[in-house]
Amino acid sequence: MLIKRRSSHHPTEQDVTPEAVYQDRRLILKGLGLGAATLAFPTQAGVLDLFSADKPTLGATTRPLNIHAATRPEGVIITPEEKATTHNNFYELGTDKGDPARNAHYLKPEPWQLRVEGEVAKPFTLDVWDLINKSTLEERIYRLRCVEAWSMVLPWSGISLAGLIRRAEPNSRAKFVAFETLYDPEQLPGQASRSLGGGIDYPYVEGLRIDEAMNPLSFLAMGLYGKTLPAQNGAPIRLVVPWKYGFKSIKSIVSIRLVEERPPTTWNLLASNEYGFYANVNPQVDHPRWSQASERFIGEGGIFGAKRQPTLMFNGYADEVASLYQGMDLRKWY
Ligand code: MTE
């Protein structure tokens, strides 16, 4: 999502510039010695080529889930599964949109444990597959708005974040919630070096204020389209916070920690002048390098031909969340 560091090849450019310019930039990067030859590196599983031109394939195996299916809202187009699973941001699996699907096989989401700890009376470790196998998950159809100005509508399956946090009995010092993605360069090869992983210091970390985390919209997804999550979408468990830019919705999480101080967050650490802690979707506050007034909705068409539509305040969830920010200057980067 950055273009300052030429070598890190952040994908925002791909989304905010015409395709021809973007393709041209890939050639420039190769010319600089940052193409496949330099970036291919051996791992136990084989060779990772972050610049492979192969068409992305569905690299992860998914299986059907028990869900309480949501009623399909009338007139709302749901993004086709093939788009949602091949146009991804998951820098640990590569920085191009198709990389996470191509490299999905590196991530082994089973077994998986998630720790809930910190300022709580009853910390616990959740066996994620036990939960998936023994529960009927709730389906929710949410809009996803990436800070790069593209959007999707996705049917997630999972549980409310508040329910899980309550089980740990947070104490009065729990003012924020810190989330962490798995750190394992064998499974997430982008973590092996800064240049492979887009300049990020891993693990990817995110955070919410406690009242945001306890808002009924905050969701822990373990499924998509009625099936377990593909690796590229954050298997086996990820956060979904629909009124915030997509980078808050951290993937493949292993830790949820209740804390007293505001936790550091990955994109804010990388460029605090471009990515705030709150990152609420707001059509009136432009990104320093592009407008946020409209977005490209990824439906049936391709990303570059995608229909532009107005961005909605809080991504359309103002009725549910605007009260959380009363008295705050929403124009300011926090
Ligand atoms: N989580 C991790 N661990 N690593 C990432 O690179 N990218 C974020 C977010 N979660 C990211 C992540 C960004 S920028 C977006 S827009 C969403 O995931 C994209 O989710 P999707 O690929 O399922 O659409």
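Residues numbered from 1 in each chain as written. Predicted model: local features only at pLDDT ≥ 70, side-chain atom pairs only at ≥ 80, totals over all residues. Heavy atoms only, no water.

Okay, the overall build of the protein next. For the protein, the helix and strand inventory stands at 10 helices and 15 strands. Look at the contacts in the protein between residues 6 or more apart in sequence, and 73% of them connect residues 24 or more apart. Of the roughly 13,800 Å² that the protein leaves accessible, carbon and sulfur atoms contribute 53%. (Helix = DSSP H or I, 4+ residues; strand = E, 2+ residues; numbered from the N terminus. Contact = heavy atoms within 4.5 Å. Areas by Shrake-Rupley, 256 points an atom, 1.4 Å probe, with all protein chains shown as cover.)

What follows covers the pattern of salt bridges. By the definition in use, this model includes 18 salt bridges. Between Glu 139 and Arg 72 there is a salt bridge, with the nearest N and O atoms lying 2.8 Å from each other. Here the residue Glu 139 occupies a position in strand E6 (residues 137–145), and Arg 72 occupies one in the loop between strand E3 (67–68) and helix H4 (81–84), the gap between them amounting to 67 residues. Classification of Glu 139 by relative accessible area gives buried; the value is 5%. A salt bridge links Arg 145 to Glu 295; the shortest N-O distance between them is 2.8 Å. With Arg 145 in strand E6 and Glu 295 in strand E14 (residues 294–297), the pair connects residues that are 150 residues apart, well separated along the chain. (Salt bridge = Lys/Arg side-chain N within 4 Å of Asp/Glu carboxyl O. Buried < 20%, exposed > 50% of the residue type's maximum accessible area, 1.4 Å probe, protein only.)

A word on the environment of Pro 189. Along the polypeptide, Pro 189 turns up in the loop between strand E8 (176–181) and strand E9 (205–209). As a C-alpha pair, Pro 189 and Gly 94 span 95 residues in sequence and 7.9 Å in three-dimensional space.

Adjacent strands of a sheet form backbone hydrogen bonds with each other and so pair up, either parallel or antiparallel. Judged by pairing direction, the sheet is mixed, and its 5 strands sit side by side in the order E5-E4-E13-E8-E9 without closing on themselves. Strand pairing shows two members of the sheet lacking a second neighbour, strand E5 (124–127) and E9, which therefore form its edges. Here the strands of the sheet are splayed against their neighbours by 15 degrees on average, with no regard to which way each runs. Both E8 and strand E13 (residues 253–259) contribute to a ladder of 6 bridges, which runs antiparallel. Each residue of the ladder has a partner; that of Ala 178, found in E13, is Arg 257. (Pairing = 2+ DSSP bridges. Axes fitted to C-alpha atoms, helices over the stretch in contact; angles between N-to-C directions.)

This part is about the pairing of E6. The element E6 is extensively covered by neighbouring structure, given that 8 of its 9 residues are classed as buried. The sheet contact formed by E3 and E6 spans 2 bridges and is parallel. Paired with Ile 67 across the strands is Leu 137, a residue of E6. Between the antiparallel neighbours E6 and strand E7 (residues 150–160) lie 4 residues, among them Ala 149 with a positive phi of about 75 degrees.

Here we come to the pairing of strand E10 (residues 219–224). Where burial is concerned, most of E10 is hidden: 6 out of the 6 residues are buried. Summarising the sheet, E10 and strand E12 (residues 238–240) pair through 3 bridges and their orientation is antiparallel. Looking across to E12, one finds that Leu 220 is bridged to Leu 239. With 2 bridges connecting them, E10 and strand E11 (residues 227–228) associate as antiparallel partners. The partner of Gly 223 across the bridge, within E11, is Thr 228. Count of turn residues in the E10/E11 antiparallel hairpin: 2 residues, of which Tyr 225 carries a positive phi of about 55 degrees.

As for its placement among the helices and strands, Asn 233 is situated in the loop between E11 and E12. Under the relative-accessibility criterion, Asn 233 is labelled buried at 3%. Within polar-contact distance, the side chain of Asn 233 engages the backbone oxygen of Ala 84 at 3.0 Å. With residues near it in sequence (within four places) discarded, Asn 233 still touches Ala 84, Thr 85, Asn 88, Leu 224, Arg 238 and Lys 251. (Polar contact = N/O pair within 3.5 Å; in protein donor to acceptor, adjacent residues only side chain to side chain.)

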